[in-house]
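# An overview of the molecular structure
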Amino acid sequence: MLTFKPCIWRDGALTELPRPVDVVRVQDSWDFAQFKVPLASGDAIEGRSLNGVDISLEGRVGRQAGVLTADEGDMLAALDALRAALGVSAPEDEYELFLYHDSSSGTYRSFRECTTVRFEYDLSAPQLFSYSAVIHASDPAIYTDAPS
């Protein structure tokens, strides 16, 4: 049975996203050329191709890797770890984003060739910090095998 467990896999290290993760939006988009002939009804579309995928995530820092984040220091440490995992220091610096796994069958759902577009966190609610991230996967495929 697939279990929702969003994680970043980079350089052999797995970083779970702080939980709960409230929102996951995956946006596919296509490029194409659209042609219109004046005074003729309709148009023609050519060259359809799937772009990379944008994944938007929103969550709160209540748990990190199954451990409760009991105070502001613990929540800041969880955000620091997530910030480091999402960090991009070079153009070729990419990671794999896992969304689901099934430990009994070794089946996963992940995006590869990921880079961070935006990472934002809100520290104004000391009881439970929140965060959001936009991740771009250059490869639009959804992979089902173990981390590469």
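Residues numbered from 1 in each chain as written. Predicted model: local features only at pLDDT ≥ 70, side-chain atom pairs only at ≥ 80, totals over all residues. Heavy atoms only, no water.

### Describing the environment of A65
Relative to the helices and strands, A65 resides in the loop between β6 (53-64) and β7 (67-68). On the basis of relative accessible area, A65 is assigned to the partly exposed category, the value being 46%. Residues A65 and A13, spaced 52 residues apart in sequence, show a C-alpha to C-alpha distance of 13 Å. (Helix = DSSP H or I, 4+ residues; strand = E, 2+ residues; numbered from the N terminus. Buried < 20%, exposed > 50% of the residue type's maximum accessible area, 1.4 Å probe, protein only.)

### Description of the pattern of salt bridges
This model, assessed by the stated rule, comprises 7 salt bridges. Between E16 and K5 there is a salt bridge, with its nearest N and O atoms 3.6 Å apart. With a gap of 11 residues between them, E16 in strand β2 (residues 13-16) and K5 in strand β1 (residues 3-10) connect regions that are remote in the sequence. Residue classification places E16 among the buried positions, given a relative accessible area of 17%. A salt bridge links D22 to R60; its shortest N-O distance comes to 2.8 Å. (Salt bridge = Lys/Arg side-chain N within 4 Å of Asp/Glu carboxyl O.)

### Some words on the side chain of S132
One can find S132 in strand β10 (residues 130-137). We classify S132 as buried; its relative accessible area is 12%. Within polar-contact distance, the side chain of S132 engages the side chain of R118 at 3.2 Å. The residues touching S132, leaving out its near neighbours within four places in the chain, are L57, E58, R118, F119 and E120. (Polar contact = N/O pair within 3.5 Å; in protein donor to acceptor, adjacent residues only side chain to side chain. Contact = heavy atoms within 4.5 Å.)

### A word on the environment of R112
Along the chain, R112 turns up in strand β9 (residues 107-122). In this structure R112 touches Y95, E96, A137, S138, D139, Y143, D145, A146 and S148, once residues within four positions along its chain are discounted. A distance of 2.9 Å separates polar atoms of two side chains, one belonging to R112 and the other to E96.

### Some remarks on helix α1 (residues 72-86)
Since the α-helix packs 3.6 residues into each turn, any two residues three or four apart lie on the same face. In this model, α1 (15 residues) spans 21 Å end to end at C-alpha, consistent with the 21 Å of a helix rising 1.5 Å per residue. Along α1, the positions that sit buried rather than exposed are M75, A78, L79, L82, A85 and L86. With its buried residues spanning 120° around the axis, α1 presents them on a single face. For α1, the exposed residues lying more than 90 degrees away from the buried face are R83 and A84. Close packing links the buried residues of α1 with β1, β2, β6, β8 (95-102), β9 and β10. (Expected span 1.5 Å × (residues − 1). Arc of directions from axis to C-beta.)

### Examining the packing of aromatic side chains
All chains considered together, the criterion is met by 4 aromatic pairs. Taking 5.2 Å as the distance between ring centres and 45° as the angle between the ring planes, the aromatic pair formed by F119 and Y121 counts as tilted. Between F119 and Y131, the aromatic rings sit 6.4 Å apart at their centres with planes inclined by 50°, giving tilted as the arrangement. In this pair, F119 sits in strand β9 while Y131 sits in strand β10, placing the two residues 12 residues apart along the sequence. Classification of Y131 as buried rests on a relative accessible area of 5%. Each residue in the set F119, Y121 and Y131 is aromatic and connected to the rest through ring pairs, giving one cluster. (Phe/Tyr/Trp six-rings, centres within 6.5 Å; stacked < 30°, edge-to-face > 60°.)

### Side note on the nonpolar core
Ranked by size, the top nonpolar core spans 23 residues in total, and within it I8, L57, L97 and I135 carry the most contacts. Elements represented by at least two residues in this core include exactly β6, α1, β8, β9 and β10. For this core, the element with the most residues is α1, which contributes 6 residues. (Core = buried A, V, L, I, M, F, W, Y, C linked by side-chain atoms within 4.5 Å.)

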